[in-house]
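For reference, the chains in residue letters:
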Amino acid sequence: MSISIVTFLLPLALAFIMFYLGLTLCTDDFKKVMQRPRALVAGLIGQLLMVPLLGLLVAWATHLDPVMAVGLMVLAACPGGVSSGLLTRLARGDVALSISLTAVTSVVAMLSLPLVVNAAMHIFMATGLNVDFPLGGMVRKIFLLTTVPVLAGMALRAWQTQRVKRLEPVAGRISTGLFVLIVLSTFWDQRQVLVSHLGTIGLAGLLLNLLILSGAWLLSWQARLTRNDRISVVTECGLQNSALGIYVCIELLKSPTMSVPSVVYALLMNGGAIIFVLLMRANAGKHGPATIPASS
């Protein structure tokens, strides 16, 4: 990948995407979520525990080579994607919960992502490479690229609420365009690797997406969440922040090849999400906003 994309465009694009996320948030969003702790806990368990465990299972089951296996775990350890809120809205789920889950997991990822990736490096590459993983530096860089922009966006929204509301659609389109550019640029740069690994990575990515969507729905159903909250949990778990995964692999781990699972999953997860949205919209009329009994 060219130097301009790796050292300039990629981190700036990721920071802007996270800044846009902050523009959509206010403190009331978190207050609403805290009134439904069961939905928040279910979403966090799904994103922070279930997804990495499923990533580990898929990496083993599909016999990925060490580099691709670690790349898949980087993707699985990333927080929810910034597009989950939009797709939750389209699927008629609870957008506030989805956005709040994305924000919380983005903050928690400052610590959880380095730990998961560090464990994956030892599990899959211990006999192949002696890896000196920059844990402290990675935490600092993730904090600067994710948490700080989110907080800055929230602060700007609180200060200039009306102006931010007018700018939100434009910022959203820019964020989408930047994400597409990141994915396409990485896809083009790694096209030879993609072709040579399409059979294994394509299968692994598809299997992971199906398992995550099914597992998140089952988890939220077992937690007795409302249908709207279930939709939010499923979209949050199914859509990973692939841009962050690409950045971690290329810039922090210095392995462009390792970013291939993030690129492939970025394409597959949107297909799975669209199918999920269509299914939810098709069945929306058959379900009311079922509430959880107070005794539960």
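Conventions adopted
Residues numbered from 1 in each chain as written. Predicted model: local features only at pLDDT ≥ 70, side-chain atom pairs only at ≥ 80, totals over all residues. Heavy atoms only, no water. Patch = residues over 30% accessible without salt bridge, like charges linked within 9 Å, V, L, I, M, F, W, Y side chains within 5 Å. Areas by Shrake-Rupley, 256 points an atom, 1.4 Å probe, with all protein chains shown as cover. Salt bridge = Lys/Arg side-chain N within 4 Å of Asp/Glu carboxyl O. Helix = DSSP H or I, 4+ residues; strand = E, 2+ residues; numbered from the N terminus. Buried < 20%, exposed > 50% of the residue type's maximum accessible area, 1.4 Å probe, protein only. Polar contact = N/O pair within 3.5 Å; in protein donor to acceptor, adjacent residues only side chain to side chain. Contact = heavy atoms within 4.5 Å. pLDDT = per-residue confidence, 0-100.

**Examining a nonpolar patch on the surface**
On the surface, a nonpolar cluster with roughly 370 Å² of combined accessible area is contributed by Val41, Ile45, Leu49 and Leu53. Note on placement: isoleucine 45 falls in helix α3 (residues 37–61).

**So, unusual backbone geometry**
Positive phi values are uncommon outside glycine, yet histidine 63 reaches one of about 55 degrees. On the secondary structure map, histidine 63 appears in the loop between α3 and α4 (66–77). A relative accessible area of 69% means that histidine 63 is categorised as exposed. At arginine 224, a position not held by glycine, the phi torsion is positive, near 60 degrees.

**Some thoughts on the side chain of asparagine 209**
By the secondary structure assignment, asparagine 209 is in helix α9 (residues 191–222). Of note is the side chain of asparagine 209, whose polar atom sits 3.0 Å from the side chain of tyrosine 265. Contacts of asparagine 209, omitting those with residues within four sequence positions, involve Gly238, Tyr265, Leu268, Met269 and Gly272.

**Remarks on the confidence of the model for the protein**
The pLDDT averaged across the protein works out to 79; a share of 85% of its residues lies at or above 70. In the model, residues 127–131 has pLDDT below 50 throughout and makes 1 contact with residues more than four positions away in sequence or in other chains. Between residues 288–296, whose pLDDT stays under 50, and residues either more than four places distant or in other chains, the model counts 9 contacts.

**Considering the pattern of salt bridges**
Between side chains of opposite charge, pairing is possible as soon as their charged atoms come close. By the definition in use, this model includes 1 salt bridge. Linking glutamate 168 and arginine 157 is a salt bridge whose minimum nitrogen-to-oxygen distance equals 2.6 Å. Pair noted here: glutamate 168 is in helix α8 (residues 161–189) and arginine 157 is in helix α7 (residues 135–159), with a separation of 11 residues, a long-range link. You'll find glutamate 168 and arginine 157 in the same group, each marked buried.

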